[in-house]
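# Coordinate inspection notes
Here's the letter readout for the chains.
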Amino acid sequence: MAYTKISNVKEDDVLECFLYPKICYATPMETITEEILLQEIAKFNEKIALYIKNYIWHHDSLIFHPRTKQALLLEQLIENSTTVEEKNVLPHIYVRLRFDEDISDEWFTVFLIYKLTQAFDGLIAKVIDSYGEFLLIETADVLPPWANPETCENHVFVYNGELHIVREKHKTFLDLLNNVQEKPYLFKAPENVQNVLRKRINIYPDEIKKRHYKARVFLSEKAVSILRQEPALVALAIRTICHSDPLERKVCRAMRYFPPEQRVMVNVKMTKCLYAMANHCRYTGDPRTGWNIPPITCSKYNAHILGIKIACGLEMLIARANEERRKKEKRTLSDPLNEKLKANEHVLNAYLMRLEASGYFRNLLKSSQEYEKLLNAAKDYYLKHLNLYSMTSVNKSDAEIVLEAWENIQSNDVELHAQDEATLSPADSDSWLKVDPVQLETFLNEHWETAKNDKHEQKSLSLKEKVQIFLNQNSDIDGVQFLEDHLTEAEVMHDPEDNGKIEFDADIFDCTLRGILDLVVPGNEGEFEGSSEGSLGEDDEDKGNEMDKYMRLLHSELQSEMEKDENSEMNKNSDIIEDNLMKSITEEAGGSGPTGNIIGGPTRRFMHLQLQSPTKVPPDLQS
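Keep in mind the model is a prediction, meaning the values are calculated, not measured. (Residues numbered from 1 in each chain as written. Predicted model: local features only at pLDDT ≥ 70, side-chain atom pairs only at ≥ 80, totals over all residues. Heavy atoms only, no water.)

### Description of the overall build of the protein
Short version of the rule: What counts as a helix is a DSSP run of H or I of at least four residues, what counts as a strand is a run of E of at least two, and both are numbered from the N terminus. We call a residue buried when its accessible area falls under 20% of the maximum for its residue type, exposed when it is over 50%, and partly exposed in between, using a 1.4 Å probe and counting protein chains only. Only heavy atoms matter for contacts: two residues are in contact if any of them lie within 4.5 Å across the pair.
Of regular secondary structure, the protein possesses 29 helices and eight strands. Looking at the protein as a whole, 39% of its 623 residues are labelled buried. Considering only contacts within the protein whose residues lie at least 6 apart along the sequence, 76% involve residues at least 24 apart.

Structure (structure tokens):
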């Protein structure tokens, strides 16, 4: 059985969600039809309806799509996939949401996914974006050391409102889902990881009101009617004008659909992100159109400019929709439905062959009743997916939605918007657009407060406490991770207890150790040649005398250094540590042991020489 893999999102600013109700992984996948998934989707929409009722999506709205096995195979065929993955593709419910500039849409969707997994027993979700497992990126500061891209890719799930990471390799995707559902306690992420995500998403639903902004806008009457019908279209209008170029803005010279002569002052609700985008868009309309903009010092200047931008955005969308409609009608006249079916007959045959190869027909005899039922279902889905039944089945574009709203405007709707400006509520303050350095510093401190506290706690630990923590840890397949793994190089070299008096220089230590192992006595003109073992093998007594001289010199230098800091508490601790080490080395007598293993083989032999009588050579080194 092939192993499933969900590839990362190729496009930026796109969120993908894969929802697996229990029926999708607990029953044979051939029995999961689109109708069954649509029933689940209806339950999902009912559950989240209260949260998304007044929500303004920045780009895409949250739409659940059913994905059966035949649907996935058809998508591969249409995308001209070069590799046919004949794997057991699990049916699921799919979400693809583009959030563009407003990342709050992404986290609001994550909040909704968490709510759904809590509400529906057995529902398991997987969410990724162009960065991959972005939930782990959000919790990177508190993740356990074993959590890395190699061990976590396609192994991160949301179940029962909590994050789970399955640390099992070479498992099918079906096995991973069953393990999460049957043994969630084994794969639940640590509590500090859960807390970071809870803090990130628990700002909802209160955050929905905080992200809204009420602006005062001098807007075309027909544009006001459209926004009253579909308030979410304000996002589409602002994004259209902000992302347009001078060539696309040519249609705004005439303003056929939203003339400047018919405008009223109204309040329009949008998100703060949309208001900031519109505020920073430099386009202020074509001067030949006749907008009659007041001076920049006038209090109504911002309302006029914002109204021009929204009206021009809607104007461009309707012009685009009319062009799309003309092209579509032209294609329909030149390519009737029968010709379309005939032209795509080879695609349909390839689609049916791929279904058969993947086991969709369950080895049923051709022309049998069950086989014909499955065949008709596959053909129906194929025709529906390619929108070949009729023009009414074509998914409407954003521009077409605006055009239909404009066509549905009634004259009496326009008259309702003519009201006195005095009755309007004042616009919200936009002081949040200006962030001073103090506010920025406060924001950064709040964001990094957790990381700083953790770092401070690690610094405050004594050497004894660090050793105790290390000994109390349980080793896994990757070994024991110590606190120093998370410290910087400077923190490792300077222990808090040494008060900055003792430093360890790796280069000096290496040079000194090499000199000791080669029996080179500093300041002595007669140096030995060869290794320590080779030199000792030639003349044990001479080498022992030289070693005694060197040891006495080393001891005198060490004694003088220690006398300088005899009143230091650190020296007392060093004496205790040194005595314990010397005692351990003496008891080991040059053999294998914990202290000897820490110090190392060649150095252990040298320490063994140090403990012997100056006039006596150890038995294990005698020739």
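Now, onward.
### Here's the deal with the sheet that holds strand 2 (residues 65-67)
The condition that has to hold: Whether two strands pair depends on DSSP finding at least two bridges between them. In this description, a line fitted to the C-alpha atoms serves as the axis of each element, helices being fitted only across the stretch in contact, and the angle between N-to-C directions of two axes falls anywhere from 0 to 180 degrees.
The strand order 2-3-1-4-5-6 describes an open sheet built from six strands, whose pairing is antiparallel. Looking at strand neighbours, the two that pair on one side only are strand 2 and strand 6 (162-165), the edges of this open sheet. Averaged over all neighbouring strand pairs, the angle between strand axes comes to 30°, with direction disregarded. Pairing of strand 1 (residues 14-20) with strand 4 (residues 124-128), which is carried by five bridges, proceeds in the antiparallel orientation. Each residue of the ladder has a partner; that of Tyr 20, found in strand 4, is Ile 124. The strands touched by helix 7 (residues 173-182) are strand 1, strand 4, strand 5 (156-159) and strand 6; relative to strand 5, the strand with the most contacts, the crossing angle is about 40°.

### A look at the packing of helix 12 (residues 233-242) against helix 13 (residues 272-280)
Note the cut-off: Whether a crossing is left-handed or right-handed is set by the direction in which the near helix is turned from the far one by less than a right angle, anticlockwise for left-handed and clockwise for right-handed.
It is at 10 Å that the axes of helix 12 and helix 13 come closest, and there the two elements cross at 30°. The handedness of the crossing between helix 12 and helix 13 comes out as left-handed. Along the contact surface, helix 12 presents Ala 235, Ile 238, Arg 239 and Cys 242, while helix 13 presents Leu 274, Met 277 and Ala 278.

### Details of the pairing of strand 7 (residues 212-220)
Judged by how many residues are buried, strand 7 sits mostly within the fold: seven of nine residues are covered. Two elements, strand 7 and strand 8 (residues 263-271), share nine bridges in a ladder whose sense is antiparallel. Among the inter-strand pairings, Lys 214 is bridged to a residue of strand 8, identified as Lys 269.

### Digging into the pattern of salt bridges
Here is the rule: Salt bridges, as used here, are contacts in which a Lys or Arg side-chain nitrogen is within 4 Å of a carboxyl oxygen on Asp or Glu.
Using the criterion set out here, one finds 14 salt bridges in the structure. Note that Asp 102 is salt-bridged to Arg 211, the shortest N-O span being 2.4 Å. Remark: Arg 211 occurs in the loop between helix 10 (206-210) and strand 7 and Asp 102 occurs in the loop between strand 3 (92-98) and helix 4 (104-119); sequence separation between them is 109 residues. Note on Asp 102: relative accessible area 8%, which makes it buried. Of the residues examined, Arg 211 reaches a relative accessible area of 6% and is grouped as buried. The closest approach of N and O atoms between Glu 191 and Lys 188, which form a salt bridge, is 3.9 Å. Residues joined by salt bridges that share partners form a network here, namely Glu 162, Lys 188, Glu 191 and Arg 198.

### Details of the packing of aromatic side chains
Defined as follows: Each Phe, Tyr or Trp ring, with Trp reduced to its six-membered ring, pairs with another whose centre is within 6.5 Å; inter-plane angles below 30 degrees give stacked pairs, above 60 give edge-to-face pairs, and intermediate values give tilted ones.
Enumeration over the complete set of coordinates arrives at 17 aromatic pairs. Between the aromatic rings of Tyr 213 and Trp 432, the centroid separation amounts to 5.8 Å while the plane-to-plane angle is 75°, which identifies the pairing as edge-to-face. Of the two residues, Tyr 213 sits in strand 7 while Trp 432 sits in the loop between helix 19 (411-416) and helix 20 (437-447), which places them 219 residues apart along the sequence. What makes Tyr 213 buried here is its relative accessible area of 3%.

### Things to note about the confidence of the model for the protein
Using the following cut-off: Confidence of the prediction at every residue is given by pLDDT, a number between 0 and 100.
When the pLDDT values of the protein are averaged, the result is 77; 67% of them are 70 or greater. Considering each helix and strand of the protein separately, the mean pLDDT is smallest for helix 23 (residues 489-493), with a value of 36, and largest for helix 4, with 97. Note that pLDDT drops below 50 for residues 602-606; the model gives that stretch 12 contacts with residues more than four away or on any other chain.

### Describing unusual backbone geometry
Cis geometry marks the peptide bond from Tyr 204 to Pro 205, where omega comes out at 5°. Turning to its location among the elements, Pro 205 is positioned in the loop between helix 9 (191-201) and helix 10. In this structure, Asp 13 takes a positive phi of about 60° despite not being glycine. The topology assignment puts Asp 13 in the segment before strand 1.

### Side note on the nonpolar core
Condition: Grouping buried Ala, Val, Leu, Ile, Met, Phe, Trp, Tyr and Cys residues that are joined through side-chain atoms within 4.5 Å yields what is termed a nonpolar core.
One finds Phe 64, Leu 135 and Leu 163 to be the most contacted residues of the largest nonpolar core, which totals 47 residues. Among the elements that take part in this core, helix 4 stands out by supplying eight residues, more than any other.

### With respect to the side chain of Gln 181
Within the element layout of this structure, Gln 181 appears in helix 7. On the basis of relative accessibility, which here comes to 18%, the residue Gln 181 falls in the buried class.

### Digging into the pairing of strand 3
Most of strand 3 sits inside the fold, with six of its seven residues counted as buried. Here strand 1 pairs with strand 3 via six bridges, running antiparallel. Within the sheet, the bridge partner assigned to Leu 15 lies in strand 3 and is Leu 97. Bridging between strand 2 and strand 3 involves three bridges; their strand directions are antiparallel. If you follow Pro 66 over to strand 3, its bridge partner there is Ile 93.

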